[in-house]
Number of protein chains: 2
Amino acid sequence: MRLTTKGRYAVTAMLDLALHGNEGPVSLADISGRQDISLSYLEQLFAKLRRNELVTSVRGPGGGYCLSRDLGDIYVAQIVDAVNEAVDATGCGGTSTCQQGEVCLTHHLWCDLSDQIHGFLSQISLANLVERREVQQVSARQDARVGDTTTLVLSQA
Amino acid sequence: MRLTTKGRYAVTAMLDLALHGNEGPVSLADISGRQDISLSYLEQLFAKLRRNELVTSVRGPGGGYCLSRDLGDIYVAQIVDAVNEAVDATGCGGTSTCQQGEVCLTHHLWCDLSDQIHGFLSQISLANLVERREVQQVSARQDARVGDTTTLVLSQA
DNA sequence: CTTATAGTTGACCAAAACAGTTGGTTATTG
DNA sequence: CAATAACCAACTGTTTTGGTCAACTATAAG
């Protein structure tokens, strides 16, 4: 499994979208400002997220991105998968041809691990993250830092 | 967490050592032949494994590498750690300075994931792997392919 | 003592992935 | 039409990956 800043950026951006997307589309410029991620890099990531139908886009002034479905129906694993396009730990990509057409010594081990990681990240939805206290705290700090107008108040939730 | 071929190679090589190391040291050339891993790459990996005290080396003719301790006391997580030297998924390395000196939105998520992966790989020892039926089968196939003289017969275990 | 073996070290290299930039174009709203 | 913001493609610099090569040192067998 590949876990680099790429996947982290994608999940962070999607979480930002979840936190601020309750009133219409959110522009990448806003996300870029709040999360310190390069705008053009975000564009690349969101192209993949859109292709994987995790977000929808609205063009023109006032446009931006929206989550394609409910907070509770988008899982971290899907986001990481979307930007990385290869999320398995086996090396042969599950084809069992690791060593000259046959499985290698540790093939099953990596299969198990893949299942483990994927299972873990598949259980965490954006809704789960939004509910977390630490996420709310960090989000509040960020909104205070940037002059924010469209904040979702979550502390009562 | 970084999980690349590097860690896979290391675990595979260590498992090979576990399977063939019952009678004296095993040369890297042997491992290279059986596991299809470049000899010079193995040298690099074993330098790190040795620095992390997972193996000991014997120089001179008939020399090679031995496991530094019992099969049951070497865990996959330690091997991956040894060659990757940074096994965490956070990006800030656990220092919580992901975003301008503060934790980023998804910091806790990556901490949890790190714990998850590490916990999983920390429970699997070389002894566990050696006991697995698939490992024994693959090993037998490899020994048949290469003209092998020092095979440990494990099928009775 | 010589010699072959095998570990040890470090320099070097090509390809890929990552992170980001530049410079556009299209579509939409006012 | 002008401003906005998504969309797109090409390109750049850096790091990691996976690997080679050459030189050197320690050791054991003969």
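Whatever comes next refers back to the structure up there.
Residues numbered from 1 in each chain as written. Chains lettered and ligands numbered in written order. Predicted model: local features only at pLDDT ≥ 70, side-chain atom pairs only at ≥ 80, totals over all residues. Heavy atoms only, no water.

Caption draft 1: How the structure looks around helix α2 (residues 28-35) of chain A. All names here are of chain A. Taken together, the buried positions of α2 are occupied by L28, I31, S32, R34 and Q35. Along its buried surface, α2 packs onto α1 (5-20), α3 (39-51), β2 (64-67) and α7 (133-145). Once α2 ends, the next one or two residues include D36, with phi positive near 55 degrees. (Buried < 20%, exposed > 50% of the residue type's maximum accessible area, 1.4 Å probe, protein only. Helix = DSSP H or I, 4+ residues; strand = E, 2+ residues; numbered from the N terminus. Contact = heavy atoms within 4.5 Å.)

Caption draft 2: Representation of the interface of chain B and chain A within the structure. Taken residue by residue, the interface counts 43 residues in chain B and 42 residues in chain A. In total, chain B and chain A occlude about 3600 Å² of area from one another, counting both sides; carbon and sulfur atoms represent 63% of this. Linking chain B to chain A there are 2 salt bridges. Across the pair R132 of chain B and D112 of chain A runs a salt bridge whose closest N-O atoms are separated by 3.4 Å. Elements with a contribution of two residues or more to the side of chain B that touches chain A: α1 (5-20), α2 (28-35), α4 (76-84), α5 (107-122) and α7 (133-145) of chain B. The residue inventory of the side of chain B that touches chain A, partitioned by class, reads 21 nonpolar, 12 polar and 10 charged. (Buried area = accessible area lost by both parts, 1.4 Å probe. Salt bridge = Lys/Arg side-chain N within 4 Å of Asp/Glu carboxyl O. Nonpolar A, V, L, I, M, F, W, Y, C, P; charged D, E, K, R; others polar.)

Caption draft 3: Broad picture of unusual backbone geometry. All names here are of chain A. Notably, D36 is not glycine yet its phi reads approximately 55 degrees, a positive angle. On the secondary structure map, D36 appears in the loop between α2 and α3. With phi around 55 degrees, E53 is a residue other than glycine that occupies positive phi space. In this fold, E53 is placed in the loop between α3 and β1 (55-58). For E53, a relative accessible area of 60% corresponds to the exposed category.

Caption draft 4: Region of interest: the packing of aromatic side chains. Residue and element names in this part refer to chain A. One pass over the full model with this rule turns up 4 aromatic pairs over all chains. Ring geometry for F46 and Y65: centres 4.8 Å apart, planes at 45 degrees, overall tilted. A residue pair is termed long-range when its members are at least 10 positions apart, and F46 in helix α3 and Y65 in strand β2 qualify at 19 residues. Judged by its relative accessible area of 0%, F46 falls in the buried class. (Phe/Tyr/Trp six-rings, centres within 6.5 Å; stacked < 30°, edge-to-face > 60°.)

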